[in-house]
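So you can see what is in the structure, the chains are spelled out below.
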Amino acid sequence: MSKGYRVTIREGWNGPEMLLNSDVYQRIRLVSATVSKSVSAYDSFTFTLDPSHKLYAIIKPYKFFVKVTRPDKNKVLFEGRVLTYSDSMDSSGVIQKTAVCEGLEGFLHDSVQPWKEFHNTTPKDFLQALINEHNKQVEDFKQMRLGNVTVTNSTDNVYRFADDTKDTYDNIQDKLVSRLGGELRVRNENGTLYLDYMPKIGGTATQKIKLAKNLLSSSRNIDPTEVITVLKPLGATQERQNNQEDQTEVSSPRLTIASANGGNEYLRDEELIKEFGIRARVQTWDDVTTADALLQKGRAYLASQKAIKYEIQLTYVDLSYIKDNVAMFDCGDTVTVQNMLQGLEIEERIVSMSIDLLQVQNTTMTLSNDPMAINAYRKQLLQAYNVDMNAFYNLLKDQKLSTADLEKALKSSNSQIKSLQQALQELENKFNGQTPQPQPMHIGKIIDVSEWQGVIDWNAVVKEDVTLSIIRVQDGSTHQDLKYMENIQKCISAGGKYAVYAYFRGASIADAQQEARDFYNRTQRVVAGKQQPVFYALDIESVEMGGVASQMRAGVEAYMNQLNTLGIPDNKIVLYIANHLYASFNLNVARAGAIWIPSYGRNDGTVANSLRPTHPYDLWQYSSKGSINGITGNVDLSTEASDKFKKLLQ
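Just so it is clear, the model here is predicted, and its values are computed rather than measured.

A. Molecular detail of a nonpolar patch on the surface. Taken together, Trp115, Tyr159 and Phe161 make up a surface patch of nonpolar side chains, about 340 Å² in accessible area. Positionally, Trp115 belongs in the loop between β7 (95-103) and β8 (116-121). Given the relative accessible area of 52%, Trp115 is considered exposed.

Below, the structure written as C-alpha cells:
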C-alpha cells in the first residue's frame, strides 16, 4: 500500500469527495501542502496548486471542506473547511493559488452566546450549555455533542457569565480554558461531531527519536526570564480612609511578612540568586490575614516555582513510512528523545508539529512541557556540559543501520520513501563507524535588500562571496515590497541562499496576526514547491501596538504564534531589534531562532569604525552603507554570526 498522503475536497458537507492530492498518482499533486498542529490551538492546513490542476478554479471559502488522510495507517490527519484563498502571478508568469483551511473547531466561531449567569454549575454542564446554544444557531452538520470532558476544578463548581459580545469559541476559551486549563478537540465520528475537553490530549509515542537512527537535527531553547529569586508576599488589604470636607482619600496597604520574618518583607533564594541574580516579584494572597500564614505561603511558592520555560525543536525521519508496524507521531504525545551530543535523554510532550505532506523529511516538531523547576534546569545543564564523548563514539561504531526495510518499502513506488531513504542513508554514512569531524563553516558577506536597491544583478552578487541575502517582503500588511518577487526568484536562480524579512507595523494583536499571514502567504506565492527561505525575520525598530512600547512583546508573540500555525517553527524565526529600543520592547528573545541587531557607529561601511550592539546578538548589522558588486548604491551589511545563527545556514 502507498505510504503518502491523500487530500480530498468536497463542495458542501455531504458533497462527493474530489481528489486534490493523490497518494498514488503523480499527476494529481499539489504544489505544496502543510498541516500545522498545536496543543494550544486548532489545526490548520495550507496548500498551493497551479492552473494545471483540474480543481484550480472551483475552490471557495467556507463552502468547501478538506480532509487529509494517510491511507496506509487508516488515519485522518486533518479535517476542516477552506477559510481563505489567494491567487497570484509572479514576474515570470507563474500562476498559483494558495488556500488556508481551519480545523473543525472553527465551527464554534459561527455562533454567539446570549448573556447569562451560571451558579452552582460544573465545568462540564457550563460547557454543555454553551454547546446547546451553539447547536440552536448553526446548520445540522456544525452541531456537536460533548465527548470526553474531564476538566474540573477543586469543587467541580463554577460561577460564570456567558459573554454576549463574544462567539462560542471565544467564550469557551475565556471562561474555561484560560481559567481551568485543558485542551479542546473536535473529532468527526461517522458524521457526528464530538467536542473533547481534557487536561491533556495525547498518549505515549511508541516510536523514539534517537541520534544516529532517525534524528536529523535538534535545538533547545531555554527561557528563564520569569524566574523569581526574591519574593515579596502580600496578603489581605487593610483599608485606611482620611476623610476631608472636599475629598476622600482611600489607600489599601496589604499585609506583609515583616512581623513574622524579623522585620524583612522579602524572601530570598540564595541558590537562585547565584544562578540568575536578583529578580524580584510580588505575589498576592487576598484571603491570607496573618503574617505567619503568609510567610508559609510565600516560602512554599518560592520553593515550588516552575518558571523556566523551554522547548526543543526537531527534524526527524518518521519511521512509520519505513516500517509497517510503527505508529505515526501525534501532536500531544509524549516522546523519548536521545541525543548524546546535546546531553538530551528526555521524555517530553509534542506541543506542535508542522507536517510537510509532500516532502516529509522537512516535517518538524516542537517539544515542551510544563515550565521546569530549578533542579530540572540544573540537571539539563549538567547533562549538556558532561557529555561522555567516548560513549558517543562507541555508539557510532556499534550503530549498524540496515536498509532492508527501506528497499522493501521502495517497492511500493512511493516517492516519499525515496527522500526518507536518502535522509537515513546520510545518517548511516555519517554515523556508521565514523568519528564526526566538525568542519568550520565559512561565512562570507551577509546582506539585506529591498525595493530601495532597485534592479539587482544577482549573478554578480552571488559571485561576491555573499553567504546570505535577506530579502524584504513587506512593510506591514499594506505595503508589499515592489521587488521581492523578482529578488527571491533571481537569487534562487543564481544559486544564492536567501531569507525573508518583514517590517512590523501591527497596531493590535489582530493586526500582528494578519501581518504574519500576509508575510507567509506572499512568500509562498513565490517559493511554494521551490527553495524555501532559511528563516523569516521580523524587523522591529519602531514603537507600534498603538504607540505603547510595553505592548510590543504581546504583538510580536502573536505574530510568531501565527507563523507557527502556518508551519514556521520558532527556530526559523529571527528577530531584528533596534538597539536603542531593545530594553523597552522587552521581547521574548529566548524564543527566537536568532537575534539580529543593528548598530553602526561612524557608518562608513567598515567593521573597524562601527560600534557593537549593547545587547546580546546572534548577528550584527554594522553598516547601511556597504558596497556589493551587482547592487547600485548602498546596501546593509551584517557580520559576527553566532553558532546559533550558523545553524540556520546549514
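That covers the picture; the talk isn't over yet.
B. Structural detail: helix α2 (residues 168-180). When the terminal C-alpha atoms of α2 are compared, their 17 Å separation across 13 residues agrees well with the 18 Å that a helix rising 1.5 Å per residue should span. Of all the bends found along α2, the most pronounced is centred on Asp174 and spans about 30°. Taken residue by residue, α2 has Thr168, Tyr169, Asn171, Ile172, Lys175, Leu176 and Val177 as its buried positions. Where α2 is buried, its residues meet β4 (41-49), α1 (123-137), β10 (158-162), β11 (183-189) and β12 (192-198). Where α2 begins, the side chain of Asp167 points an oxygen toward the backbone nitrogen of Tyr169, at a separation of 3.1 Å. At the exit of α2 stands Gly181, carrying a positive phi of roughly 80°.

C. Here's a closer look at the environment of Ser599. Residue position: Ser599 is located in the loop between β30 (594-598) and β31 (619-626). If we skip the residues at most four places from it in the chain, Ser599 touches Ser610, Leu611, Arg612, Pro613, Trp620, Gln621 and Tyr622.

D. Main features of the sheet that holds β11. Pairing within the open sheet is mixed, and its three strands lie in the order β9-β12-β11. Strands with a single pairing partner mark the edges of an open sheet, and in this sheet they are β9 (144-149) and β11. Direction aside, the axes of adjacent strands within the sheet are offset by 30° on average. Across seven bridges, β11 lies against β12 in antiparallel orientation. Bridge pairing in β12 places Leu184 opposite Tyr197. Running at roughly 160° to β9, α1 makes contact with β9 and β12 of the sheet.

E. Layout of the sheet that holds strand β15 (residues 230-234). Pairing within the open sheet is mixed, and its three strands lie in the order β18-β15-β19. Edge positions in the open sheet fall to β18 (267-268) and β19 (280-284), since each of these has one partner strand only. Direction of pairing for β15 relative to β18: antiparallel, over a ladder of two bridges. The residue bridging Val230 from the neighbouring strand is Arg268, located in β18.

F. Quick look at the nonpolar core. Ranked by internal contacts, the top residues of the largest apolar core, which has 52 residues, are Ile447, Ile540, Tyr559, Leu563 and Leu575. Not counting chain neighbours up to four residues away, the residues in contact with Leu575 comprise Leu538, Ile540, Val556, Met560, Leu587, Asn588, Ala592, Ala594, Ile595 and Trp596.

G. Expanded view of the pattern of salt bridges. In the structure shown here, the tally under the stated rule is 31 salt bridges. Between Arg81 and Glu102 there is a salt bridge, with its nearest N and O atoms 2.8 Å apart. Highlighted residues: Arg81 in strand β6 (residues 75-89) and Glu102 in strand β7, separated in sequence by 21 residues. Here Arg81 falls in the buried class, since its relative accessible area comes to 2%. Taken together, the shared-partner salt bridges in this structure form one network comprising Arg81, Glu102, Asp110, Glu139 and Lys142.

Criteria and cut-off values
- Residues numbered from 1 in each chain as written.
- Predicted model: local features only at pLDDT ≥ 70, side-chain atom pairs only at ≥ 80, totals over all residues.
- Heavy atoms only, no water.
- Patch = residues over 30% accessible without salt bridge, like charges linked within 9 Å, V, L, I, M, F, W, Y side chains within 5 Å.
- Areas by Shrake-Rupley, 256 points an atom, 1.4 Å probe, with all protein chains shown as cover.
- Salt bridge = Lys/Arg side-chain N within 4 Å of Asp/Glu carboxyl O.
- Helix = DSSP H or I, 4+ residues; strand = E, 2+ residues; numbered from the N terminus.
- Buried < 20%, exposed > 50% of the residue type's maximum accessible area, 1.4 Å probe, protein only.
- Expected span 1.5 Å × (residues − 1).
- Bend = angle between axes of the 7 residues up to and from the residue.
- Contact = heavy atoms within 4.5 Å.
- Polar contact = N/O pair within 3.5 Å; in protein donor to acceptor, adjacent residues only side chain to side chain.
- Pairing = 2+ DSSP bridges.
- Axes fitted to C-alpha atoms, helices over the stretch in contact; angles between N-to-C directions.
- Core = buried A, V, L, I, M, F, W, Y, C linked by side-chain atoms within 4.5 Å.

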